[in-house]
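So the chains spell out like this:
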Amino acid sequence: MTELNIKGGLAGQILRVDLSSGKISTKETTTYARRWIGGRAINSALLIDEVKPGTRWSEPENPLIFGAGALVGTAIGASRLSVDTISVYTNGKGSANVGGHLAAELKFAGFDHVVITGKTENPVYLWICDGRAEIRDAAHLWGMTTYETEDRLKAELGDEAVRVGCIGPAGENLVPGSCIMVDRAKAAGGSGVGCVMGDKKLKALAVRGHGSLNVARPEDFFKATDVALKKVKDSPAAKKMWQKTLAGVYAADPCGATWDFIILAKNGREECWEVEKRKRLLDPRNGFPKYQNKVLACFNCPIGCMPFSEITEGPFKGTSGEGFWVNTLMLASWLDIPEPEPIIKAWLLMNQLGLDGDFATAMMAWAFECFGRGLLTKAQTGGLDLTWGNGEALVSLLPKLATREGLGALLALGPIEAPKRLGQGSDYFCMHMKGQPTLEPFRAAKGWALGVATSPVAGRHLRGTVLLGSRFGPKDVDFEAHVYEGQARHVYWQGLAKEIEDLIGMCVYVGTWSGAYALEVSDYAALINAVMGLDFTEDELMLLGKRSRNLEKAFNTLHTDLARADDMPPRRYTEEPIPSGPYKGERAEKDKWNQMLDEFYDLHGWDKDTSLQTRSGLTALGMADVAEKLAAGGKLIER
Amino acid sequence: MDARRNMRLERNPELCHGCRTCELMCSFHHHRIMAPDKSSIQVIRRNFDGAILWSVDSSCDLCSGEDGPFCVKYCPYEALRSVTR
């Protein structure tokens, strides 16, 4: 692929801030965009170019990089910001992705990416406005929740339109599962990006922009947007979402396949939560919908999936806020709590504390299961009764997790160290992939599980998981969610589609994933070409996606010893069959898993024995320079 | 513009999700660039209570020269329409 002449879409500058020296500089985005387009691919390229192998997440040299997608601020559905750094769990690639209005504001402020290196002794925040940046004192913000931080910054800066991305007490206290909260309700959740931010003593980014973005071919842009909007409006799933929100979609069918496949229960032991409990949680009169009074959308988003909830009576009266309810369902089922009130309270509390929902849910559920098995006593829980279903215990334990108090101090050690400390074989009950807690299913939904297991960011579910098949993916491979055969092709395709979505900042719910299934790769090509003035075909975009994925793979290879064995499911799911429900008796079978992995690595051109990349494969992708880096580290297959 | 002189924009707050597509596309009508700050429409999202504050200023020409108001055409939630004053 030759270097690209980009004529629109980008804000133009990469902002670099070194917190140790206070030095602020800029660089033209096109330096990287000509090769990698934007979003996460540029973040990944910056990481692999600038970070020495062996650098750990807590070293000042670890950059925390924010990157808006190339189409954010122009194309409908594109609102996403990619946050990349060294993962606190693996010391390999860390990456999280978040919506809201921050990414667009950043671009209107003149920046596509922000690279933050170094650390300070005293807390600071970064004020970014119209092409300029300033490191400001944040001593008065330290200790505040994310809600308080946002309110205070907007008041100080005197502008309600300022966008804030910040950490809460969890990030300040270096809890690994800390996220960066955007607009209060959207989390850059994975890889401990909030913990890295806390380690740098960076409390927040506050951003305001009054600038503009160019669209290279306006007439083509109108055409592409008309097509995209029609597809969204014609999508039955999209209509359900913006009429009822995602929780509503599931509420409409609490007996649906998603519940049988994806939403596990009781610390993942059970694949299938009792139907009566699902109905209780989602009941139109007494469940989540009772408290949901409006639905909000991210910037330029045609789906609108974020409910705003308010509890006006009972012990949790006064609880209100915007929050996302699919993951919330897992908090309920993993702790076996069917009442919506403590779950809403807990979810909004996590947003305020800046705790990653997956981390907190998995660590809590581990504690609940250990308590039930007598591995954890009341003396160790501070008197809390961690019996399944105890919502009050959940609500009272969350702040302790964020501040590392009492039992919270044990849970904050994370899924490797906490079980080591507790001993008694409790590691078996702590669900994680490569050291990052995971709530994902590994037994019934085979394609979903393969996508999770091979994710470059350790056990997260957005990098190639397929629930009902990749809707726009391979047409020549049958897809059945619970069989092993054929999954790898779909997972491979879905993973590449996601890479493209993260290049441009498109939300997966608008796109090809298990949401609206509205926009597909041909739409992305039309929008990119119109906005940026390029001439990509679908195949070329898939190639870009493949390059992006290979960058992350190479970073992990250079920085960790993760190998094929680490792409296998957690031990519990290979040993314990599903105890009940439609897929009772199934477990992750090692030989079948190995076949899926063989096929998946083959599709990527990676070596089957080691999962390492090959020189010929990388060279064919135009990544000979990356091959050289791997060769220098002795981690390249020379064929 | 003549045919639109007696028209104004009306928003249904029940349908509005605060996505700001109207703001963005309005600026595209005026300047053929994406610049919410140069839009006739201003949308403020008040995060603490979820309120969406929407306003349109006197620079709105109901997209004179276009097929119709962009904000109406591109609102994904069909929350906007042009009505007689």
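Note: the structure precedes this text.
Quick caveat, the model's predicted, so the values are computed rather than measured.

J.: I'd like a rundown of the overall build of chain B, residues and numbers included.
T.: The helix and strand tally for chain B stands at two helices and five strands. If you list the helices and strands of chain B from N to C, you get β-α-β-β-β-α-β. The C-alpha atoms of chain B give 12 Å as radius of gyration, which agrees with the globular expectation for 85 residues (12 Å, within 12%). For chain B, the spread of C-alpha atoms along the principal axes amounts to about 40 × 30 × 20 Å.

J.: I'd love a proper account of the interface of chain A and chain B, names of residues and values included.
T.: On the side of chain B, 31 residues touch chain A, which itself brings 42 residues to the contact. Interface area for chain A against chain B, summed over the two sides, is near 3,100 Å², with a carbon-plus-sulfur share of 56%. Where chain A meets chain B, there are three salt bridges. The shortest N-O distance in the salt bridge between Asp 226 of chain A and Lys 73 of chain B comes to 3.6 Å. One can count 14 residue pairs in polar contact (both at pLDDT 80 or more) joining chain A with chain B. Elements that contribute at least two residues to the side of chain A that touches chain B include exactly helix H3 (102-108), helix H4 (146-157), strand S13 (213-214), helix H7 (218-234) and strand S14 (292-296) of chain A. The element that contributes the greatest number of residues to the side of chain A that touches chain B is H7 of chain A, accounting for seven residues. The residue inventory of the side of chain A that touches chain B, partitioned by class, reads 19 nonpolar, ten polar and 13 charged. Two elements, S13 of chain A and strand S2 (residues 33-34) of chain B, share two bridges in a ladder whose sense is antiparallel. Bridge pairing in S2 of chain B places Asn 214 of chain A opposite Ile 33 of chain B.

J.: Help me get a handle on the sheet that holds strand S9 (residues 163-166) of chain A, residues and values and all.
T.: Residue and element names in this part refer to chain A. An order of S8-S7-S12-S9-S10-S11 is seen for the six strands of this open sheet, with the pairing classed as mixed. In this open sheet, the two strands that pair with only one neighbour each are strand S8 (132-137) and strand S11 (186-188). Direction aside, the axes of adjacent strands within the sheet are offset by 20 degrees on average. Sheet topology note: the S9/strand S10 (residues 180-182) ladder contains two bridges and is antiparallel. Note on S10: the bridge partner recorded for Gly 165 is Val 182. Contacts from H4 reach strand S7 (124-129), S8, S9, S10 and strand S12 (202-208), with the element oriented near 45 degrees to S12.

J.: Describe in detail the packing of H7 of chain A against helix H20 (residues 521-532) of chain A, supporting the description with residues and values.
T.: Residues and elements named next belong to chain A. For the pair H7 and H20, the least separation of the axes is 8 Å and the interaxial angle reads 150 degrees. It follows that H7 is roughly antiparallel to H20 by the angle criterion. Considering how the two elements wind past one another, H7 and H20 form a crossing that is left-handed. Seen from H7, the contacting residues are Asp 220, Phe 221, Ala 224, Thr 225, Val 227 and Lys 231; seen from H20, they are Ser 522, Asp 523, Ala 526, Leu 527, Ala 530 and Val 531. Its residues assigned to classes, the contact of H7 with H20 shows seven nonpolar, two polar and three charged.

J.: Any details on unusual backbone geometry? Residues and values, ideally.
T.: All names here are of chain A. At Ser 611, a residue that is not glycine, the phi angle is positive and equals roughly 70 degrees. Within the secondary structure layout, Ser 611 lies in the loop between helix H23 (590-604) and helix H24 (615-620). Relative accessible area serves as the criterion here: at 3%, Ser 611 is assigned to the buried category.

J.: Break down the side chain of Ser 426 of chain A for me, citing the residues and quoting the values.
T.: Its place among the elements puts Ser 426 of chain A in the loop between helix H17 (414-422) and strand S17 (432-433). Accessibility expressed as a relative area gives 1% for Ser 426 of chain A, which makes it buried.

Reading the values: the criteria
- Residues numbered from 1 in each chain as written.
- Chains lettered and ligands numbered in written order.
- Predicted model: local features only at pLDDT ≥ 70, side-chain atom pairs only at ≥ 80, totals over all residues.
- Heavy atoms only, no water.
- Helix = DSSP H or I, 4+ residues; strand = E, 2+ residues; numbered from the N terminus.
- Rg over C-alpha atoms; globule rule 2.2 N^0.38 Å.
- Contact = heavy atoms within 4.5 Å.
- Buried area = accessible area lost by both parts, 1.4 Å probe.
- Salt bridge = Lys/Arg side-chain N within 4 Å of Asp/Glu carboxyl O.
- Polar contact = N/O pair within 3.5 Å; in protein donor to acceptor, adjacent residues only side chain to side chain.
- Nonpolar A, V, L, I, M, F, W, Y, C, P; charged D, E, K, R; others polar.
- Pairing = 2+ DSSP bridges.
- Axes fitted to C-alpha atoms, helices over the stretch in contact; angles between N-to-C directions.
- Parallel < 35°, antiparallel > 145°, perpendicular 65-115°, else oblique.
- Left-handed = near helix turned anticlockwise from the far one by under 90°.
- Buried < 20%, exposed > 50% of the residue type's maximum accessible area, 1.4 Å probe, protein only.

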